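So you can see what is in the structure, the chains are spelled out below.
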Amino acid sequence: MNVGTQRGAIAAVQVFGLAVWFSMSAVVPSLRADWGLTAGGAVWLTASVQFGFVAGAVASTALNLADRVPAHRLLAASAAAAAVCTAVLALCADGPAVAVPLRFLTGVFLAGVYPTGMKLMASWAGSAGRGRTMGVLIGALTLGSTLPHLIAGLGSLPWRGVLLTAAAAGLAGAVIALLLVRLGPHAAPTAPARNPRYALTMFTERGPRLANLGYFGHMWELYALWTWIPAFLLAAPAADELPGSVAVTVFLTMGIGGAAGCLLGGWGADRFGRPPAAMAALLTSGLCCLLSPFLFQAPPPLLFAFCALWGAAVIADSGVFSTALSEVADHRYIGTALTGQTAIGFALTVVTIQLIPLLADAIGWNLAFLLLAPGPLAGALAMRAFGRTAARSPRGAGGSTA
């Protein structure tokens, strides 16, 4: 199978497989009525997925699964298991007591979808075009993560129907992974000896350490924005005048806008270098955090445009960090390095996902997103240092050799 077909298949798995990620966030308004769901319950339905992802990523890192198990099989099994958890929730859950554990398990299995997809995509790209290739992958992740909002916003499905549709998409992704996806020629040629410590020892190397710190600043903002942007828009004065509905607006700005940002970020990473591309996205999204109180009151066209810019900027750099780490980490343990990176990054998302609604209750949704600004600004400083290291190092930022 040719390179383009493989990249397309891997991207398709991410779109379909990750449709279950924010499926509960898309139906929270319905659950408030059906379950009497409180704000705290809504937080846990989202945070439990993040906790599960971290647990799954830690287990995968400890066992070096992404480097020792055939990647396409791990990807297929993980996508299928996450889809089954979502389907069981849709058919059986009648409250948070059942839903939260199932969402935790969904997160555990999603830890085998996203990092494994990154390794597979990197295996089909040389260094010269890896930024654009990873941009395609993260764009697919963005579309998949926001797809449930489109399903909920355009259709008249009950919340259980939305979840079952997302689960069906996840199963389709598993079938594509099993039948079509294979590891590419740029992967390490043999499975390494088990070395779970590499997820920590990579921090002793300046290049991987700075690439990770940039990613952590990015993650401080990303998932809290994705989780709570519907609440922010619903509270805005222009909520009733947005195109279609708030759910459709979220898909268009965070999903379509985010996918466009990923492609632009990947192109910029290959054209201008990893650090400049990451810094541009981080500084833009950080500025959006600072401007959010002022744009909260904006008329619908301006608010929509602002959210589209933010949706593009907040995710445009994600593939850049994955690309940078894949180039400076030990070639034998790229899967472990990427999984370790995401495990720590997603642990940070739990903090901001929990804090944002508490802050909104205290000072209002117009000011709540100010909490996110330090993350991208700190990430920009880390990537500036990464760029200086790369300029001095003949190996590109001091990573390990294979």
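Rules and cut-offs
- Residues numbered from 1 in each chain as written.
- Predicted model: local features only at pLDDT ≥ 70, side-chain atom pairs only at ≥ 80, totals over all residues.
- Heavy atoms only, no water.
- Helix = DSSP H or I, 4+ residues; strand = E, 2+ residues; numbered from the N terminus.
- Buried < 20%, exposed > 50% of the residue type's maximum accessible area, 1.4 Å probe, protein only.
- Contact = heavy atoms within 4.5 Å.
- Areas by Shrake-Rupley, 256 points an atom, 1.4 Å probe, with all protein chains shown as cover.
- Lys, Arg positive; Asp, Glu negative; His and termini not counted.
- Charge placed at Lys NZ, Arg CZ, Asp CG, Glu CD.
- Patch = residues over 30% accessible without salt bridge, like charges linked within 9 Å, V, L, I, M, F, W, Y side chains within 5 Å.
- Salt bridge = Lys/Arg side-chain N within 4 Å of Asp/Glu carboxyl O.
- pLDDT = per-residue confidence, 0-100.
- 1 Å grid on protein atoms, 1.4 Å probe; cavity = no way out; pocket = protein on both sides within 12 Å on 5 of 7 lines; lining within 4 Å.
- Points joined across faces, edges and corners; volume = space filled by probe spheres on them.
- Nonpolar A, V, L, I, M, F, W, Y, C, P; charged D, E, K, R; others polar.

Q: I'd love a proper account of the overall build of the chain, names of residues and values included.
A: For the chain, the helix and strand inventory stands at 18 helices and zero strands. If one aligns the C-alpha atoms of the chain with their principal axes, the spans along those axes are about 55 × 45 × 35 Å. Counting over 402 residues, the chain shows a buried share of 60%. Considering only contacts in the chain between residues 6 or more positions apart, those separated by 24 or more positions represent 85%. Carbon together with sulfur atoms contributes 69% to the accessible area of the chain, which is approximately 14300 Å² in total. One way to put it: in the chain the 21 positive side-chain charges average out to a point 15 Å from where the 12 negative ones average out.

Q: Explain a nonpolar patch on the surface to me, using residue names and the numbers behind them.
A: A grouping of Leu283, Leu287, Leu290, Leu291, Phe294, Leu370 and Leu377 is seen on the molecular surface, where their side chains present a nonpolar patch of about 620 Å² in accessible area. In terms of residue count, helix H13 (residues 274–295) provides more of the nonpolar patch than any other element does, five residues in total. The topology assignment puts Leu290 in helix H13.

Q: Explain the confidence of the model for the chain to me, and be specific about the residues and the numbers.
A: Model confidence for the chain is summarised by a mean pLDDT of 89, while 95% of its residues fall at 70 or above. Segment residues 394–402 is flagged for pLDDT under 50; beyond a separation of four residues in sequence, or across chains, it makes 26 contacts in the model.

Q: Give a detailed account of empty space enclosed by the protein, specifying residues and quantitative values.
A: Which parts of space are left empty comes out when a probe the size of a water molecule is rolled across the atoms. Taken as a whole and assessed by the stated rule, the structure comprises one cavity of 30 Å³ or more. Roughly 30 Å³ of volume is contained in the largest cavity. Contributing to the lining of the largest cavity are Phe22, Ser145, Thr146, His149, Trp226, Val250 and Met254. Breaking the lining of the largest cavity down by element, the ones donating at least two residues are helix H8 (130–154) and helix H12 (246–272). It is H8 that contributes the most residues to the lining of the largest cavity, three residues altogether. Here the lining of the largest cavity is composed, by residue class, of four nonpolar, three polar and no charged.

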